[in-house]
Amino acid sequence: MEALSKAKQKWIRSLQQKKNRELESLFVVEGEKSVLEGISALSSHLEILVTLEAFASQIPGQFYSKTFTVTTKELEQISELKTPNKCLAVFRRPENGLLPNALTIALDGIQDPGNMGTILRLADWFGVRQLICSRDTVDCYNSKVIQSSMGAIYRIPVHYIDLAEFLLSSPQQKFGAMLNGKNYKEIDYPKDAILIMGNEGKGVRPEIEALFDVPVTIPRFGEAESLNVATATAILLAEIVG
């Protein structure tokens, strides 16, 4: 192990910007649990590991050549967290192809990192095989998304593509969440359903809505205007896989 150079510190800070993460096909993970889980899941994708001296003994020996030590102050300078943990890692993004005939969530313009992270976590819980996202959906490698996904980011492939084109070309049955649709409990869902969820404020775009096979609704019994998109996703997934 060796100390982290100023140049490497600057490089890690640059990865806080989406354009740089995409350009280099990398992402940053922070926190003891998330980093160790990432090392276990994506060991061959590890680029660099940064740790406090006190945590260095927790790092498996085969990764020592990629491990650099920092002071608490240095970790604070490269961290996006308000209270940095003990370590940080940079991974190469895994390359995953689209899975045909797989239970899929499609996201149209989701913007909130917390919602995105929670939907990833839900996908991991309910056995969803992949997420298909419109290109304006929040970056799944945003630090807040990674934190709230609780490790699901390592297990659920996420694809950013032309959503309308994907839906048009897919033979799978498409179920889109709407305020006015068929009661979600009155539907027979195939095992390879595509569940389409829309933007937090605007919902699904008209050109995407036009591609629904079945619009679905969670009936409202109170006065709330709408459900949080992650909450609605959880309710619908429980019915689809139940």
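Parameters at a glance
- Residues numbered from 1 in each chain as written.
- Predicted model: local features only at pLDDT ≥ 70, side-chain atom pairs only at ≥ 80, totals over all residues.
- Heavy atoms only, no water.
- Pairing = 2+ DSSP bridges.
- Helix = DSSP H or I, 4+ residues; strand = E, 2+ residues; numbered from the N terminus.
- Axes fitted to C-alpha atoms, helices over the stretch in contact; angles between N-to-C directions.
- Contact = heavy atoms within 4.5 Å.
- Buried < 20%, exposed > 50% of the residue type's maximum accessible area, 1.4 Å probe, protein only.
- 1 Å grid on protein atoms, 1.4 Å probe; cavity = no way out; pocket = protein on both sides within 12 Å on 5 of 7 lines; lining within 4 Å.
- Points joined across faces, edges and corners; volume = space filled by probe spheres on them.
- Nonpolar A, V, L, I, M, F, W, Y, C, P; charged D, E, K, R; others polar.
- Polar contact = N/O pair within 3.5 Å; in protein donor to acceptor, adjacent residues only side chain to side chain.
- Parallel < 35°, antiparallel > 145°, perpendicular 65-115°, else oblique.
- Left-handed = near helix turned anticlockwise from the far one by under 90°.
- Core = buried A, V, L, I, M, F, W, Y, C linked by side-chain atoms within 4.5 Å.

Some remarks on the sheet that holds strand β6 (residues 104-108)
Line of reasoning, step 1. As summarised here, the arrangement of the six strands in space is β8-β7-β6-β10-β9-β11, forming an open sheet in which the pairing is parallel. Looking at strand neighbours, the two that pair on one side only are β8 (158-160) and β11 (214-217), the edges of this open sheet. Looking at each pair of strands side by side, their axes are set apart by 35 degrees on average, direction ignored.
Line of reasoning, step 2. Here helix α5 (residues 113-126) sits on the sheet and contacts β6, β7 (130-133) and β8; the angle it forms with β7, its principal contact strand, is near 145 degrees.

Some details on unusual backbone geometry
Line of reasoning, step 1. One non-glycine residue, N101, adopts positive backbone phi at about 55 degrees.
Line of reasoning, step 2. Relative to the assigned elements, N101 resides in the loop between β5 (87-92) and β6.
Line of reasoning, step 3. Its identity as a non-glycine residue notwithstanding, M150 has a phi of 55 degrees, on the positive side.
Line of reasoning, step 4. On the secondary structure map, M150 appears in the loop between α6 (143-149) and β8.
Line of reasoning, step 5. What makes M150 partly exposed here is its relative accessible area of 42%.

Side note on the layout of surface pockets
Line of reasoning, step 1. In this structure, the largest pocket spans a volume of roughly 790 Å³.
Line of reasoning, step 2. Taken together, 29 residues make up the lining of the largest pocket; nearest its centre are A177, M178, L179, S226 and L227.
Line of reasoning, step 3. Mapped by element, the contributors of at least two residues to the lining of the largest pocket are β9 (174-183), β10 (194-198), β11 and α9 (229-241).
Line of reasoning, step 4. At four residues, β9 tops the list of elements feeding residues into the lining of the largest pocket.
Line of reasoning, step 5. Of the residues belonging to the lining of the largest pocket, the class tally is 15 nonpolar, nine polar and five charged.
Line of reasoning, step 6. Within this model, the second largest pocket holds a volume of roughly 400 Å³.
Line of reasoning, step 7. Lining the second largest pocket are 20 residues, with R93, P94, Y141, V158 and H159 positioned closest to its centre.
Line of reasoning, step 8. Where the lining of the second largest pocket is concerned, the elements lending two or more residues are α2 (18-24) and β8.
Line of reasoning, step 9. A total of three residues in the lining of the second largest pocket trace back to one element, the largest contributor, which is β8.
Line of reasoning, step 10. Looking at the lining of the second largest pocket residue by residue, the classes come out as ten nonpolar, three polar and seven charged.

Re the side chain of S134
Line of reasoning, step 1. Secondary-structure assignment places S134 in the loop between β7 and α6.
Line of reasoning, step 2. In this structure the side chain of S134 is engaged in a polar contact, spanning 2.9 Å, whose partner is the backbone nitrogen of G109.
Line of reasoning, step 3. Only 2.9 Å separates the side chain of S134 from the side chain of T137, close enough to count as a polar contact.
Line of reasoning, step 4. Other than its neighbours up to four places away in sequence, S134 contacts L107, D108, G109, Y160, I161, L163 and R205.

Some thoughts on the packing of α5 against α9
Line of reasoning, step 1. Two numbers describe how α5 lies on α9: the axes approach to 9 Å, and their chain directions differ by 15 degrees. Of the possible angle classes, the one that applies to α5 and α9 is roughly parallel. The handedness of the crossing between α5 and α9 is right-handed. Facing α5, whose interface residues are N115, T118, I119, L122 and F126, α9 presents V229, A230, T233, A234, L237, A238 and V241.
Line of reasoning, step 2. Of the residues in the contact of α5 with α9, the class split is nine nonpolar, three polar and no charged.

A few points about the nonpolar core
Line of reasoning, step 1. Among the nonpolar cores identified, the biggest contains 51 residues, and F91, L107, M116 and L131 are the most heavily contacted of them.
Line of reasoning, step 2. F91 has contacts with S25, L26, F27, V29, V35, G38, I39, L42, H45, L46, E47 and Y154, leaving out every residue within four places of it along the chain.

In short, the description is geometric, and any link to function would need to be established separately.
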